[in-house]
Amino acid sequence: MPKVALITGGARGIGLGIARMLAHSGWSLMLNGVRSQVDVAGVLKEFDNSDCEVAYCAADVGNSDDRAKLVEATKQQFGRLDALINNAGITSPGRKDILEADEDAFDKVIDVNLKGPFFLTKLAAPLIIESRKSADIRGSVIFVSSISAEFVSVNRGDYCLTKSALGMATKLWATRLAEFGIDVYEVRPGVIRSDMTSAVTEKYDELFANGLTLERRWGEVEDVGKAVKSLIDGEIPYATGQVLKIDGGMTIRSL
Ligand SMILES: NC(=O)c1ccc[n+]([C@@H]2O[C@H](COP(=O)([O-])OP(=O)(O)OC[C@H]3O[C@@H](n4cnc5c(N)ncnc54)[C@H](OP(=O)(O)O)[C@@H]3O)[C@@H](O)[C@H]2O)c1
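Residues numbered from 1 in each chain as written. Predicted model: local features only at pLDDT ≥ 70, side-chain atom pairs only at ≥ 80, totals over all residues. Heavy atoms only, no water.

## What to know about the nonpolar core
Core analysis: the largest hydrophobic core is formed by 33 residues, its most contacted members being Leu-29, Ile-85 and Ile-142. Phe-78, Ala-125, Leu-177 and Ile-182 belong to the second-largest nonpolar core, a separate cluster that totals 25 residues. (Core = buried A, V, L, I, M, F, W, Y, C linked by side-chain atoms within 4.5 Å. Buried < 20%, exposed > 50% of the residue type's maximum accessible area, 1.4 Å probe, protein only.)

## Structural notes on the confidence of the model for the chain
Interpreting fine coordinate detail is not advised for predicted regions of low pLDDT. For the chain, per-residue confidence averages 97 on the pLDDT scale, and residues scoring 70 or more make up 100% of the total. Put simply, helix α6 (residues 201-209) is where the chain has its lowest mean pLDDT, 96, and strand β5 (residues 139-144) is where it has its highest, 99. (pLDDT = per-residue confidence, 0-100. Helix = DSSP H or I, 4+ residues; strand = E, 2+ residues; numbered from the N terminus.)

## A short note on a nonpolar patch on the surface
The grouping of Ile-98, Val-152 and Val-154 at the surface amounts to a nonpolar patch, some 300 Å² of accessible area in total. Topologically, Val-152 is positioned in the loop between β5 and α5 (157-177). (Patch = residues over 30% accessible without salt bridge, like charges linked within 9 Å, V, L, I, M, F, W, Y side chains within 5 Å. Areas by Shrake-Rupley, 256 points an atom, 1.4 Å probe, with all protein chains shown as cover. Salt bridge = Lys/Arg side-chain N within 4 Å of Asp/Glu carboxyl O.)

## Things to note about the site of the ligand
Contacts to the ligand come from 29 residues, most closely from Arg-12, Asp-60, Asn-87, Tyr-159 and Ser-194. Here Asp-60 contributes a side-chain N or O atom positioned 2.8 Å from a nitrogen atom of the ligand. A distance of 2.8 Å is found between an oxygen atom of the ligand and a backbone nitrogen or oxygen belonging to Ile-192. Contact with the protein chains removes 94% of the 900 Å² of surface that the ligand exposes when unbound. Mapped by element, the contributors of at least two residues to the shell around the ligand are α1 (13-24), β2 (27-33) and α5. (Near = heavy atom within 4 Å. Polar contact = N/O pair within 3.5 Å; in protein donor to acceptor, adjacent residues only side chain to side chain.)

## Here we look at the side chain of Thr-74
With respect to the element layout, Thr-74 can be found in helix α3 (residues 64-78). Of the polar contacts made by the side chain of Thr-74, one reaches the backbone oxygen of Leu-70; its length is 2.8 Å. Ignoring any residue separated from it by four or fewer positions in sequence, one finds Thr-74 in contact with Leu-6, Met-30, Gly-79, Arg-80 and Leu-81. (Contact = heavy atoms within 4.5 Å.)

## Quick notes on the pattern of salt bridges
Between side chains of opposite charge, a pair can form as their charged atoms come close. Inspection of every chain in the model, using the stated rule, returns 18 salt bridges. A salt bridge links Asp-82 to Arg-80; its shortest N-O distance comes to 2.9 Å. Here Arg-80 falls in the buried class, since its relative accessible area comes to 6%.

## Some details on the pairing of strand β1 (residues 3-7)
Within β1, five of the five residues are buried, which leaves it mostly tucked inside the rest of the structure. Neither face of β1 is open: one carries Lys-3, Ala-5 and Ile-7, the other Val-4 and Leu-6, and all of them are buried. Alignment of β1 against β2, held across five bridges, turns out to be parallel. Note on β2: the bridge partner recorded for Val-4 is Ser-28. In this view, the connection linking β1 to its parallel neighbour β2 by way of α1 has right-handed handedness. (Pairing = 2+ DSSP bridges. Right-handed = clockwise from strand over helix to strand, strands pointing away.)

## Structural notes on the sheet that holds β1
The seven strands lie next to each other as β3-β2-β1-β4-β5-β6-β7, forming an open sheet whose pairing is parallel. Strand pairing shows two members of the sheet lacking a second neighbour, β3 (54-58) and β7 (243-246), which therefore form its edges. The sheet shows a mean angle of 20 degrees between the axes of neighbouring strands, direction not considered. Bridge count between strand β6 (residues 182-189) and β7: four bridges; the pairing is parallel. By the bridge assignment for β7, Arg-188 is matched with Lys-245. Its contacts with the sheet put α1 on β1, β2, β4 (83-86) and β6, and the angle it makes with β2 is roughly 165 degrees. Where α5 meets the sheet, its contacts fall on β5 and β6, and the angle it forms with β6 comes to roughly 165 degrees. (Axes fitted to C-alpha atoms, helices over the stretch in contact; angles between N-to-C directions.)

What follows is the structure in structure tokens.
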């Protein structure tokens, strides 16, 4: 029985890094994003030679009807779900100082980064629970948060708030889903090379060279992919509800 994972934001950046790792590990995948199927055709093609089945569903995780469409498409395509990877996210539109904070931008970030993963988990949970009856692995839910859960950026207050709140979402869902054999984790990346960080490449090249992290390099999408794969493949057992930081030691403080 192939294991099935749904990865939001799975056709680009960190989500695609996760998808590649899971494809190598025998997972079948439902990838999601806001772009159309036509626009991601090139990305999907790279999975043609893998043994796993890969499908795509365009849906805005910040929209209630789209979330329902995404879970239904997964059910129709695979008939089961073993892991939900809540990865899709946006940065703060306009990056305004919190003294100039914009309510529309705030609502948009909350919808995509927090309301989306929370309610997608609610919608997907029954399918993951049902699938446990014919599974040889535990089910899992991953919330991809960020170093911004603990580092302050006053020009991205809305983003920081959503990423911090995913920590509590992880504990809530870990508690609620434990009785069904479903583990829930927060994966907290540091600074990862992707489209989201492409505008600040030079800034971080210099910061890494000057010791921002203990490992003096950019995080790569594969680093996060390997972490997620290990968690949902059950390689880090007895750890539900925990935070796994993939940040090169950025959060270690020295005196
Ligand atoms: N890069 C970093 O340094 C970093 C660090 C910590 C945490 N993170 C978090 O990691 C996650 C992925 O980031 P990334 O760097 O890979 O970003 P990215 O390169 O900008 O990719 C974002 C992905 O999310 C999808 N997406 C955006 N809005 C969506 C929506 N409303 N509904 C469904 N999908 C949506 C995009 O879909 P399309 O492909 O269709 O555009 C894209 O696949 C985010 O949650 C981000 O906050 C990133």
